[in-house]
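The residues making up each chain are set out below.
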Amino acid sequence: MHRTPAHPITTPEITSSAPAKLILCGEHAVVYGRPAIALPLDGIRARVSILPGRTSCGILVIARDLRRRWWVAQNSTNALSELITNTLRHLGGEAALRTASMRITIRSSIPIASGMGSGAAVATALVRGLANHLGHSLPANDVSALVYASEQRFHGTPSGIDNAVIAFEQPIWFVRQAAGSPNAVPGDQAAPARLAPLIEPIRISQPLTLLIADTGVRSPTRAPVGDVRVRWQANPAHYEALFDEVGVVAAQIRACLAEGTMPVLGELLSQNHSLLQRIGVSSPELDALVAAATHAGALGAKLSGAGWGGVMLALVNDEQKVTVAQALRASGARRVFTTLVQRHVGQATANEV
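Residues numbered from 1 in each chain as written. Predicted model: local features only at pLDDT ≥ 70, side-chain atom pairs only at ≥ 80, totals over all residues. Heavy atoms only, no water.

Novice: Would you explain a positive patch on the surface in this entry?
Specialist: A cluster of like positive charges, contributed by R64, R69, R103 and R107, occupies part of the molecular surface. Its location among the elements puts R103 in strand 5 (residues 102-108). (Patch = residues over 30% accessible without salt bridge, like charges linked within 9 Å, V, L, I, M, F, W, Y side chains within 5 Å. Areas by Shrake-Rupley, 256 points an atom, 1.4 Å probe, with all protein chains shown as cover. Salt bridge = Lys/Arg side-chain N within 4 Å of Asp/Glu carboxyl O. Lys, Arg positive; Asp, Glu negative; His and termini not counted. Charge placed at Lys NZ, Arg CZ, Asp CG, Glu CD. Helix = DSSP H or I, 4+ residues; strand = E, 2+ residues; numbered from the N terminus.)

Below you can see the structure in the form of structure tokens.
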């Protein structure tokens, strides 16, 4: 439904931001209808600033970290250009799109193609900024839906978990659902229409200390997700069984978070990594960091995100944190973040160590 601006623009510059995300468990299987748990990382964010432009000059996008700039009208097929166009049309109809004139600057401290939701965070910050620029405050559901459409442009068949956890900014239990067939993959011609995903806040009874290590290997989500889909199509029974095992582990991890049983949680995280290896989305770099963290005393460790590179996570006690971080760097980690997931608090904070 189109909306007209609630009030005229009075602020010269609009700023907005969105956090990185971390998938604690369930990646890949979540695309096929199994549950996953994801956390927002408040201290690692994408930021957008919007300044009004001269009348009829159009929309200029400046991506600082990519060292790129472009006019939306001249690069209309760019994924972010499409998101800007769709968001303006959603908020104010064709009139808002036709008269839009602004300069949008994007900055992000989230490593690109690392499994930390860089694309979804930039998209979320952009949608929020555009809404504020036009005098609106969009609910998280609307932001998530607009970003999901953009994620499809970036990643082909995303699960929807990135845009959900980033838009809601709280730890979530996420289950993708489809009418008639919970395991249907989006994009299949025979796949039925999807229902809205099940999104629930999760209870965390004891603070968690996680280390996140970046392999430095960039792997766009589309590549491993697409490869898993091809192999699933060739041998559905095998992969459905693996996805079922991942779903069982995710449910056990949710129970551990509620009960505060950290040693068991660590074992389950490591078990999830073993399943992801069997699914085929780990890499030598990720396996080396998981092994290094485990040998240094981490309670458990696994890759996080799409795999083939990107990041891994390790669950540690406070006294293990420094030793495990040193071991990760010694084994090739480019960056190591420490993340504290607070008890009864709907977000996680992260800082580089």
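Novice: Hey, could you run me through the packing of aromatic side chains in this one?
Specialist: Aromatic rings considered in pairs are described by the distance between their centres and by the relative angle of their planes. Taken as a whole, this structure holds 3 aromatic pairs when the rule is applied. On the numbers, 4.5 Å between centres and 15° between planes, the contact of Y32 with F243 is stacked. You can see Y32 sitting in the loop between strand 1 (14-25) and strand 2 (35-52) and its partner F243 sitting in helix 6 (residues 236-259), a full 211 residues away along the chain. Site record: aromatic cluster; members linked through ring pairs are Y32, W232, Y239 and F243. Geometry around W173 places R254 over its ring, the cationic atom sitting 4.7 Å from the centre. (Phe/Tyr/Trp six-rings, centres within 6.5 Å; stacked < 30°, edge-to-face > 60°. Lys NZ or Arg CZ within 6 Å of the ring centre and 35° of its normal.)

Novice: What am I meant to see in helix 2 (residues 118-133) here?
Specialist: What sets the pattern is the α-helix's 3.6 residues per turn: residues three or four places apart point alike. With 16 residues, helix 2 should cover 22 Å at 1.5 Å per step; its first-to-last C-alpha distance of 22 Å lies within 8% of that length. Helix 2 sits mainly inside the fold: 14 of its 16 residues count as buried. Downstream of helix 2 by one or two residues, G135 has phi in the positive range, about 85°. (Expected span 1.5 Å × (residues − 1). Buried < 20%, exposed > 50% of the residue type's maximum accessible area, 1.4 Å probe, protein only.)

Novice: Please explain the pairing of strand 8 (residues 208-214) as it appears in this structure.
Specialist: Looking along a regular strand, one sees the side chains alternate between the two faces of the sheet. Most of strand 8 is tucked away, with 7 of its 7 residues classed as buried. Side chains L208, L210, I212 and D214 project from strand 8 onto one buried face, and the interleaved T209, L211 and A213 project onto a second face that is buried too. Bridge count between strand 8 and strand 11 (residues 335-341): 7 bridges; the pairing is antiparallel. Its bridge partner being in strand 11, D214 is matched across the sheet by R335. (Pairing = 2+ DSSP bridges.)

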